[in-house]
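Spelled out from the first residue to the last, the chains are:
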Amino acid sequence: MNDRQATATLSLTRPDDWHLHLRDGEALQAVAGTSAAQFARAIVMPNLKPPVTTVAQALAYRERIVAALPAGSDFEPLMTLYLTDVTPADEILRAAEGGVVRAVKLYPAGATTNSDAGVTDIAKPRAALEAMQRAGMPLLVHGEVTDSDIDVFDREAVFIDRVLEPLRRDFPALRIVFEHITTREAAQYVEQAGEGIGATITAHHLLYNRNAIFSGGLRPHWYCLPVLKREIHRQALVAAATSGNPRFFLGTDSAPHPARLKAHAAACAGCYTAPHAMELYATAFERAGALDRLEAFASFNGPDFYRLPRNAGRITLRRERWTIPESLPFGDDDIVPLAGGEPLDWRLVA
Ligand SMILES: NC(=O)N[C@@H](CC(=O)O)C(=O)O
Ligand SMILES: [Zn+2]
Ligand SMILES: [Zn+2]
């Protein structure tokens, strides 16, 4: 396709982000408007310090998010609870009755940023999982084992066998979202699983393989968890996202960290993609020759899985070459968006 034949604008039903880190305090002030400019709603991750483990904390956090939005924004934060070894069934019932908390997040203890208070053994939060199954409350999983003897690149595949399969045997009706999948194994697992299991896929896992972390030096802005994988896995994720299967949907996992902590001897994991999220996804779908599949992935499949209405409004992306800023303000610090300084060929205009 030459430039003249290429689609010049893309109009989509307003999309949602089904996996987002908004942080708190000054960081929240810096990033909230950015996601609100791209998405109508977002599933907001609970891995704050301290984590959001109760409905009362989720309500208070929601208020802080709404207060950080630009005037007139109708962005809707969909809240989550952080599952611990001791989450009581009562808290799940309160969450299910309240209508503000939409899901509960499983972080295996030690798997990722602020996961120390996470689950040490999936047998421990049994009462909470039973209550979730009964209430139809989705469990969102960071799907990696943490055993130091398992290679970092194998942790997701091993999680399927050691945690996810037994969990689904014990709780066959539990609705599960396998978050930010990064491997062919995970894509195949979700494809073959029944109706109640979906998966989010990030833009960076669709666009990059693990070479990106090492090209021309060690590049911490491409370091996230689960870590980028081999090219065959990237290709499997692109195939899944563009397949039309309604159980794959958009979740940026935009995970802002100050530039100082990314350019650090022990760099924090997370890619900041919120400011140009839809542009990155459009780039990935266009490269796969599947721009016509982007709307379902970004705007239909997520709300359908979460049993929420699809959005009414629309957004427009225009074909236009521009350069991603190299750095943005972030409280007293600054932040480097993923691929800062590089060009993009799509731009969100409304
Ligand atoms: N994805 C990441 O690399 N980091 C996330 C945590 C997470 O989603 O695992 C963060 O909160 O920084
Ligand atoms: Zn995660
Ligand atoms: Zn995340």
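Cut-off values and rules
- Residues numbered from 1 in each chain as written.
- Chains lettered and ligands numbered in written order.
- Predicted model: local features only at pLDDT ≥ 70, side-chain atom pairs only at ≥ 80, totals over all residues.
- Core = buried A, V, L, I, M, F, W, Y, C linked by C-beta atoms within 7 Å.
- Buried ≥ 20, exposed ≤ 12 C-beta atoms within 10 Å, placed from the backbone.
- Helix = DSSP H or I, 4+ residues; strand = E, 2+ residues; numbered from the N terminus.
- Contact = placed C-beta atoms within 7 Å.
- Near = placed C-beta within 6 Å.
- Nonpolar A, V, L, I, M, F, W, Y, C, P; charged D, E, K, R; others polar.
- UniProt positions renumbered as here; feature names shortened; annotations may be inferred.
- Pairing = 2+ DSSP bridges.
- Right-handed = clockwise from strand over helix to strand, strands pointing away.
- Axes fitted to C-alpha atoms, helices over the stretch in contact; angles between N-to-C directions.

## Concerning the nonpolar core
If you look at the biggest cluster of nonpolar residues, it comprises 95 residues, and the most contacted ones within it are Val104, Phe178, Leu237 and Tyr281. No other element matches helix α11 (residues 277–287), which puts 7 residues into this core. Look past the residues within four positions of Leu237 in its chain and what remains in contact with it is Ile181, Ala187, Ile201, His205 and Leu206.

## Quick word on the site of ligand 1
Close to ligand 1 lie His21, Asn47, Thr112, Thr113, His142, Cys224, Leu225, Asp253, Ala255, Ala269 and Gly270. Split into classes, the residues belonging to the shell around ligand 1 amount to 4 nonpolar, 6 polar and 1 charged.

## A look at the UniProt feature "binding site: Zn(2+) 2" (unreviewed entry) in the chain
In the numbering adopted here, UniProt assigns the feature "binding site: Zn(2+) 2" (unreviewed entry) to Lys105, His142 and His180. Over a stretch of 76 residues, the named residues converge on one spot in the fold, their C-alpha atoms separated by at most 12.7 Å. On the basis of neighbour counts, which here come to 26 C-beta atoms within 10 Å, the residue Lys105 falls in the buried class. Apart from residues lying up to four places away in sequence, Lys105 is in contact with Met45, Pro46, Thr80, Leu81, Tyr82, Leu83 and Leu140. One can find His180 in the loop between β7 (176–178) and α6 (184–192). Not counting chain neighbours up to four residues away, the residues in contact with His180 comprise His19, Thr200, Thr202, His205, Pro226, Gly251 and Asp253.

## Comments concerning unusual backbone geometry
A cis amide bond links Lys49 with the next residue in sequence, Pro50, at an omega value of -5 degrees. With respect to the secondary-structure elements, Pro50 resides in the loop between β3 (41–44) and α2 (55–68). A cis amide bond links Leu225 with the next residue in sequence, Pro226, at an omega value of -10 degrees. With respect to the element layout, Pro226 can be found in the loop between α8 (211–214) and α9 (231–241). Located in the positive-phi region is His180, a residue other than glycine, with phi close to 35 degrees. For His180, a count of 28 C-beta atoms within 10 Å translates into the label buried. With a phi angle near 65 degrees, Ala339 is a residue other than glycine that sits in the positive phi range. Within the secondary structure layout, Ala339 lies in the loop between β12 (333–335) and β13 (343–348). Classification of Ala339 as buried rests on a count of 23 C-beta atoms within 10 Å.

## Focus on the UniProt feature "modified residue: N6-carboxylysine" (unreviewed entry) in the chain
Per the UniProt entry, the sites bearing "modified residue: N6-carboxylysine" (unreviewed entry) are Lys105 in this numbering. The residue Lys105 is located in strand β5 (residues 101–106) in this model.

## Some details on the pairing of strand β8 (residues 197–201)
With 5 of 5 residues buried, β8 is to be regarded as a mostly interior element. Going residue by residue along β8, you find Ile197, Ala199 and Ile201 tucked away on one face and Gly198 and Thr200 tucked away on the opposite face as well. Looking at chain direction, β7 and β8 are connected through 3 bridges and run parallel. Within β8, the residue paired with Val177 across the bridge is Gly198. This β-α-β element, β7 to α6 to β8, shows right-handed connectivity. Pairing of β8 with strand β9 (residues 248–250) involves 3 bridges; the strand directions are parallel. Across the sheet, the residue bridging to Thr200 is Phe249, located in β9.

## Looking at the sheet that holds β8
Backbone-to-backbone hydrogen bonds join strands into a sheet, with any given pair of strands oriented parallel or antiparallel. Strand order in the open sheet made by the 8 strands is β2-β3-β4-β5-β6-β7-β8-β9, with parallel pairing throughout. If you trace the sheet from one side to the other, it starts and ends with β2 (17–20) and β9, each paired once. Each strand axis lies, on average, 30 degrees off the axis of its neighbour in the sheet, ignoring direction. Bridge analysis of β2 against β3 gives 2 bridges, and the strand direction is parallel. Bridge pairing in β3 places Leu20 opposite Val44. Those strands touched by α6 are β7 and β8, and its axis lies near 145 degrees from that of β8.

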